[in-house]
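# Results of the structural survey
Chain by chain, the residues:
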Amino acid sequence: MKLKAVGSALALLSLYSLIFIGQSCQTPPAPPEVQEALSQEQDLWRAGASFFAPKEYEAYRQHLAEARKFFQQEELKIGYFRNYVKVRQKFRQVIDEGNSLKNLVETRKTQAAGEIRSLKNRLYERYQIFNSFSLELTMRNFSRQHLAQADVMFKEIDRLLAQEKYDLAREKLKAVENLLNQAENILRRQVERYMDPDQVAAWKRLAEKAVKKSEETGSLLILVSKLERRLTIYKNGKPVKTYEIGLGFNGLADKLHAGDDATPEGEYKVIKKVATSKYGKALLINYPNEEDLKKFNEARKKGIITERTKIGGLIEIHGGGKDGLTQGCVALDNSDMEELFRKIPVGTPVVIVGTTNLNNKIVSVFQDDKKAEKK
Amino acid sequence: MKNLMKLSVLGLLVVFLFTSCAKQPTQQIDEAKAAISAVEAAGGNIYAKEELKKLNDDFNAAMDEVNAQSKKLFKKYGQAKEMLAKVKADAEAVKELIPARKEEAKNNALSAQEEAKAAFEEAKALLEKAPKGKGTKADIEAMKADLAGLEAQLAEVQAAIDQEDYFGAKEKAVSIKEKANAIAEQVKAAIEKVKGRK
């Protein structure tokens, strides 16, 4: 009986021992922080941590590697002796560091995107100034080719920003800036006379002289200001009516020869009234005058134009619409031309100038552009 | 004394055997490295970024294991060898994925290029048909210059394709298409402007 009881006790003890050993041999699961940290590292890489915070990301990876090593060493121990408390602490520290790094990456990304957007907006402002200006000039030029290319690149930049490809966006912005500079150079070359105070002062003197003469003689005067696309009738030195006008592709330039599509500048007079022309009613002026002939001959001597080049003629103030394009004439809407035709007799002086305004829109376009550049 | 000498020699022999038998798996390391380099050479940095990152991480983990073992008296490189072999196998598998992805990117770029060309040609044809009256001549000339700019950009799409920059080519082509469509709309508006006057 006694032996039986001892046997039972031993069997029970053995069972408990087996359960104890079994339990102590079981491998405790890896702490969840381990997987969390590994996923976090992938997320940080995807977010561009290696690019936006390279030093901090490297330090973080180093700490993660240390934590992993510590975890591996702990795993080498027999299950019962493993202690994941320190492992969890180490990984928690890494996760906290990763969270800070994530914020840092986001901040730097926002900064980078902000800088690029601000640069892009500045350049886009320049683009808009040149784009509308080039349309206004209605000149056949290459500036629009550059501007169209810049516009394509602005669209690309928007996509690159959406994809967080900031380096590529920066590269494109440089290319856009280059295109805008080229467009600006072309535009400037075409209109630089309008930014020259001496030239504008000369035009102003010419206009004032004509107005004074109108005042003194009580006669009519037609004053055309090309830049403002304006034709004004003066009587007794006072403006009595102003009309909007259209010019040619090269209307802002001073006419030198046939086919240059430029509108002549200087003192002229109406020499013929044409009741029916291709463009409605028309007032023919005496281009070329003596001054024009002088300029033309000088240009020929200097070899600026060839011997075959002709000076041209048949410059009119005619109808057909102000939004058309002339080959050097001044165009008005037909109703305005009808009125002008009635009011103006043959012999009326016609003065054509670039502009009389020193702070004209060309000056302001390039000033605005400078402002946009400085921002 | 003799016995002591014998024992010492035996001990040294045993230590030598244990340490010299476990040499660093240099061949496996080189193979894994070469496999990763092959992925990079095939365009992994562009077409298999995530996979390449994982390969590099796994390779670094394997090297950590190699380094850890190299510091031990009794070196066991078995696990490191397994890890390196896996890196090599994974790299080879990743390399296999790249041609299809590259082909897909190329096809996308080519189809975007075709669409851009079509939009450009449509705008050009519209412009040629547009009545070049006094009221539209200026607009038409401006749009012609715009299209000349687009043509220059289309050439850049081809250049990007030639340089195998398929993603860049696609982005540019899509932007050109948008601009060409906008010009086509402007041409239509100019035509309507003339029609309205008649």
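## Section: the domain arrangement of chain B
Residue and element names in this part refer to chain B.
- As far as domains go, chain B holds domain 1 (23-101) and domain 2 (104-197).
- Relative placement of domain 1 and domain 2: their C-alpha centres are 48 Å apart.
- Contacts between the two partners involve four residues from domain 1 and, on the opposite side, five residues from domain 2.
- In total, about 310 Å² of surface goes out of reach between domain 1 and domain 2, with carbon and sulfur atoms giving 48% of it.

## Some thoughts on the packing of aromatic side chains
Residues and elements named next belong to chain A.
- Applying the stated rule across the entire model yields 13 aromatic pairs over all chains.
- Between Phe71 and Tyr84 the ring centres are 5.8 Å apart and the planes differ by 40 degrees, which places this aromatic pair in the tilted class. Taken together, the residues Phe71 in helix α4 (residues 54-75) and Tyr84 in helix α5 (residues 84-137) connect sequence positions 13 residues apart. Of the two residues, Phe71 and Tyr84, both sit in the buried class.
- Seen in terms of ring centroids, Tyr194 and Trp203 are 5.1 Å apart; in terms of plane orientation they differ by 45 degrees. Their pairing is tilted.
- A residue is classified by how much of its surface remains accessible, and Tyr194, at 1% relative accessible area, is buried.
- The class of Trp203 is buried, set by a relative accessible area of 4%.
- Chaining the aromatic ring pairs together yields one cluster made of Phe51, Phe52 and Tyr166.
- Above the ring of Phe70, the side-chain terminus of Lys90 is found at 5.2 Å from the ring centroid.
- One cation-aromatic arrangement involves Lys120 over Tyr124; the distance from NZ or CZ to the ring centre is 5.7 Å.

## Side note on the pairing of strand β3 (residues 238-244) of chain A
All names here are of chain A.
- Direction of pairing for strand β2 (residues 230-235) relative to β3: antiparallel, over a ladder of six bridges. Residue pairing in the sheet places Lys235 in a bridge with Lys238 of β3.
- Linking β2 back to β3 in an antiparallel pair, the connection comprises two residues, with Asn236 at a positive phi of about 55 degrees.

## Observations regarding helix α2 (residues 26-41) of chain B
Residue and element names in this part refer to chain B.
- End to end, α2 covers 22 Å across 16 residues, agreeing with the expected 22 Å (1.5 Å per residue, within 8%).
- When α2 is considered as a whole, its buried residues turn out to be Ile29, Ala32, Ala35, Ile36 and Val39. Angular distribution of buried residues about the axis of α2 spans 130 degrees; they occupy a single face of the element. Exposed residues on α2 whose side chains face more than 90 degrees from its buried face are Gln27 and Ala41.

## As for a nonpolar patch on the surface
- On the surface, Ile78, Tyr80 and Phe81 of chain A cluster together to form a nonpolar patch covering roughly 380 Å² of accessible area.
- Looking at the secondary structure, you find Phe81 of chain A in the loop between α4 and α5.

## Concerning the pairing of β2 of chain A
Residue and element names in this part refer to chain A.
- Relative to β2, strand β1 (residues 220-225) runs antiparallel, the two sharing six bridges. Each bridged residue has a counterpart across the sheet, and for Leu223 the counterpart in β2 is Thr232.
- Here β1 hands over to β2 after four residues, with Arg229 in that stretch at a positive phi of 50 degrees.

## Here we look at the nonpolar core
- Of all hydrophobic cores here, the largest spans 62 residues; its most connected members are Phe91, Phe133, Val176, Leu180, Val191, Ile362 and Phe366 of chain A.
- If one sorts the elements of this core by residue count, α5 of chain A sits on top with 16 residues.
- Excluding residues that lie within four positions of it along the chain, Phe133 of chain A makes contacts with Leu187, Val191, Ile362, Val365 and Phe366 of chain A.
- Core analysis: the second largest hydrophobic core is formed by 49 residues, Tyr77, Phe120, Ala130 and Ile191 of chain B among them.

## Concerning the environment of Ala49 of chain A
Residue and element names in this part refer to chain A.
- Along the chain, Ala49 turns up in helix α3 (residues 49-52).
- Residue Ala49 is classed as buried on the basis of its relative accessible area, which comes to 0%.
- Residues Ala49 and Val105 lie 56 residues apart in sequence; the distance between their C-alpha atoms is 5.8 Å.
- Apart from the residues within four sequence positions on either side, Ala49 is in contact with Leu44, Pro54, Tyr57 and Val105.

## Digging into the pattern of salt bridges
Residue and element names in this part refer to chain A.
- Under the defined criterion, the tally for this structure stands at 40 salt bridges over all chains.
- Here Arg193 makes a salt bridge to Glu265, at a shortest N to O gap of 2.7 Å. Note that Arg193 is positioned in the loop between α7 (166-191) and α8 (197-217) and Glu265 in the loop between β3 and β4 (266-277), a separation of 72 residues in sequence.
- The exposure class assigned to Arg193 is partly exposed, which follows from its relative accessible area of 26%.
- Ionic pairing is found between Lys295 and Asp254, a salt bridge with its closest N-O pair at 2.4 Å.

So, how was this worked out
Residues numbered from 1 in each chain as written. Chains lettered and ligands numbered in written order. Predicted model: local features only at pLDDT ≥ 70, side-chain atom pairs only at ≥ 80, totals over all residues. Heavy atoms only, no water. Domains from an automatic or database assignment. Contact = heavy atoms within 4.5 Å. Buried area = accessible area lost by both parts, 1.4 Å probe. Phe/Tyr/Trp six-rings, centres within 6.5 Å; stacked < 30°, edge-to-face > 60°. Helix = DSSP H or I, 4+ residues; strand = E, 2+ residues; numbered from the N terminus. Buried < 20%, exposed > 50% of the residue type's maximum accessible area, 1.4 Å probe, protein only. Lys NZ or Arg CZ within 6 Å of the ring centre and 35° of its normal. Pairing = 2+ DSSP bridges. Expected span 1.5 Å × (residues − 1). Arc of directions from axis to C-beta. Patch = residues over 30% accessible without salt bridge, like charges linked within 9 Å, V, L, I, M, F, W, Y side chains within 5 Å. Areas by Shrake-Rupley, 256 points an atom, 1.4 Å probe, with all protein chains shown as cover. Salt bridge = Lys/Arg side-chain N within 4 Å of Asp/Glu carboxyl O. Core = buried A, V, L, I, M, F, W, Y, C linked by side-chain atoms within 4.5 Å.

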